[in-house]
Amino acid sequence: MDFLKDAREIKDFIVGLRRQIHQYPELSGREFKTSELVADTLKDIGVDELQEGFGETTAVVALIKGNSDRTVALRADMDALPIKEETGKPYASKIDGVMHACGHDAHTAMLLGAAKLLVKHKKKLKGNVKLIFQPCEERQDCRGAKRLVAAGVLRNPDVGAIFGIHVFPELETGKVATCPGAALASSDVFRIKIYGKGTHASKPHMGIDTVLIASQVVNTLHHIVSRRVDPLDPAVLTIGTIKGGEAENIIPDTVEMAGTIRTLNEDVRKKIPLWIEEALRGITSAYGGSYEFDYEEGTPPLINDKKVTEFAMNSLKELLGEGNVLYLEKPSMGGEDFAEYLKFVPGTYFRLGTGNREKGTTYPLHNPRFDIDEDALPVGTAVLSFLAFKWLSDK
Ligand SMILES: [Zn+2]
Ligand SMILES: [Zn+2]
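All values derive from a computational prediction rather than experimental measurement.

Novice: Please explain the coordination of the zinc ion (ligand 2) as it appears in this structure.
Specialist: Put simply, a metal with four donors set out as a tetrahedron has ideal angles of 109.5 degrees, and one with six donors set out as an octahedron has ideal angles of 90 or 180 degrees. For the zinc ion (ligand 2), the protein coordination sphere consists of Cys 102 (SG), His 104 (NE2) and His 166 (NE2), at 2.1 to 2.4 Å. Sequence spacing of the donor residues for the zinc ion (ligand 2), all on one chain, is C-x1-H-x61-H. The metal-metal distance between the zinc ion (ligand 2) and the zinc ion (ligand 1) is 3.2 Å, with Cys 102 serving as a donor to both. By relative accessible area, which is 6% here, Cys 102 ends up buried.

Novice: Help me understand the coordination of the zinc ion (ligand 1) in this model?
Specialist: Those donors, Cys 102 (SG), Glu 138 (OE), Glu 138 (OE) and His 366 (NE2), are the protein atoms that reach the zinc ion (ligand 1), and they lie 2.0 to 2.7 Å from it. Classification of the site at the zinc ion (ligand 1) rests on its 4 donor atoms, whose angles at the metal span 52 to 148°, yielding the label irregular. Positions of the donor residues of the zinc ion (ligand 1) along the chain correspond to the pattern C-x35-E-x227-H.

Novice: Would you mind showing me how to read the sheet that holds strand β16 (residues 347–355) here?
Specialist: For sheets, the rule is that strands pair by backbone hydrogen bonds, running either parallel or antiparallel. In space, the 8 strands of this open sheet follow the order β1-β2-β4-β3-β5-β16-β6-β15, with mixed pairing throughout. The open sheet has two edge strands with one neighbour each: β1 (49–54) and β15 (325–327). Neighbour-to-neighbour, the strand axes of this sheet turn through a mean angle of 25°, independent of strand direction. Across the sheet, helix α4 (residues 104–120) lies against β2 (59–64), β3 (71–77), β4 (128–134), β5 (161–172) and β16, angled at about 150° from β3, the strand it touches most. Strands in contact with helix α8 (residues 306–320) are β5, β6 (176–178), β15 and β16; relative to β16, the strand with the most contacts, it is inclined by about 35°.

Novice: Just to check I follow, could you spell out the domain arrangement of the chain for this structure?
Specialist: Size of an interface: often given as the accessible area lost when the parts come together. For the chain, the assigned domains are domain 1 (3–182 + 302–394) and domain 2 (187–299). Placing a centre on the C-alpha atoms of domain 1 and another on those of domain 2 gives a separation of 39 Å. Contact with domain 1, which involves 12 residues of that partner, is made by 12 residues of domain 2. Buried area between domain 1 and domain 2, summed over both chains or domains, comes out near 900 Å², and the portion from carbon and sulfur atoms is 57%. Broken down residue by residue, the surface that domain 1 buries against domain 2 is led by Gln 140, Arg 143 and Met 333, which jointly contribute 61%. Summed over the shared surface of domain 1 and domain 2, the result is 0 salt bridges. At the boundary of domain 1 with domain 2, the tally comes to 3 residue pairs in polar contact (both at pLDDT 80 or more). Considering only residue class, the side of domain 1 that touches domain 2 consists of 4 nonpolar, 4 polar and 4 charged.

Calculation notes
Residues numbered from 1 in each chain as written. Chains lettered and ligands numbered in written order. Predicted model: local features only at pLDDT ≥ 70, side-chain atom pairs only at ≥ 80, totals over all residues. Heavy atoms only, no water. Donors = N, O, S within 2.8 Å, 3.2 Å for Na, K, Ca; no water. Buried < 20%, exposed > 50% of the residue type's maximum accessible area, 1.4 Å probe, protein only. Tetrahedral: all angles 85-135°; square planar, octahedral: opposite > 155°, others 65-115°. Pairing = 2+ DSSP bridges. Helix = DSSP H or I, 4+ residues; strand = E, 2+ residues; numbered from the N terminus. Axes fitted to C-alpha atoms, helices over the stretch in contact; angles between N-to-C directions. Contact = heavy atoms within 4.5 Å. Domains from an automatic or database assignment. Buried area = accessible area lost by both parts, 1.4 Å probe. Salt bridge = Lys/Arg side-chain N within 4 Å of Asp/Glu carboxyl O. Polar contact = N/O pair within 3.5 Å; in protein donor to acceptor, adjacent residues only side chain to side chain. Nonpolar A, V, L, I, M, F, W, Y, C, P; charged D, E, K, R; others polar.

Below, the structure written as structure tokens:
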């Protein structure tokens, strides 16, 4: 069996789906037409079980039954972004201000292609394949993966391993890349309110200056990463907003700020909010002010299982050739909610090369001119279906 050859034979099918989804992008949590198209396509393909609206979301979950109890899962995300497309391509978004600028249209189409190939080879499948079409990856407030996991997507039948891919414009078409262990960072959000006492700018001793306190807070919080976190544990703390004051001659009584924290390590992730609060307590009390601190956990660090990743990388060398399977030397401080599945089930998340300079597909993700090299679509379909097939055949 040659999954790459099979996938290339259905390239038109995959490209057609990708372009259709690309033209009608839907924002996170509102993937209604996309999930309808996914469900209809899966019915045509002939999967064994199909659940629409899984976990009271727009998710579609399907099962292809093989001849054992083992189950492997493959996941694609379906949501688009609030970006106005500027590619000028004939298949560009027809929805004003909404665009598939993160390639989730490609992820969905490639997984549908994989479903088609796996159904074709069903008799040789040594177990079940669960297909997860997930909503709401892009926004932290609707938490697509987390909700599906809570609704039991990894059970019944129990999933033994999971694989996913993300298109990547900085990697050449035909190549994939990943690394064992931490590959992407956790992504949490914090909000701070500093309370003081408003007064006339000429009489600072009559008030408590929240702008001055805020400047100390910004300074001290930046020392958390440089002085308290082990230098060998990557972490990022960014304060992205700061708001306070109405006029040059008034000391305001509140200042608000908000930021994000990224780490690759759960221990560090747990400690940073404690250190922030310690700093806030000390600084505000030194000036006679007070604070409110709100910390919201987003996605955890994405940790690729070492054994499964080694297995997956070796398998893909067989499929794509040794030189096309790259070992990522550095993780990224970006976040991805595929991490939610990996908290419970071993698996690997791959980057799929879609960059091609001549075709102009090297714009970064989330850019209005982002596009993929469609020659990568059959590669992605082959990668997904082959990984599922090989993992089930492994024991
Ligand atoms: Zn994205
Ligand atoms: Zn994405």
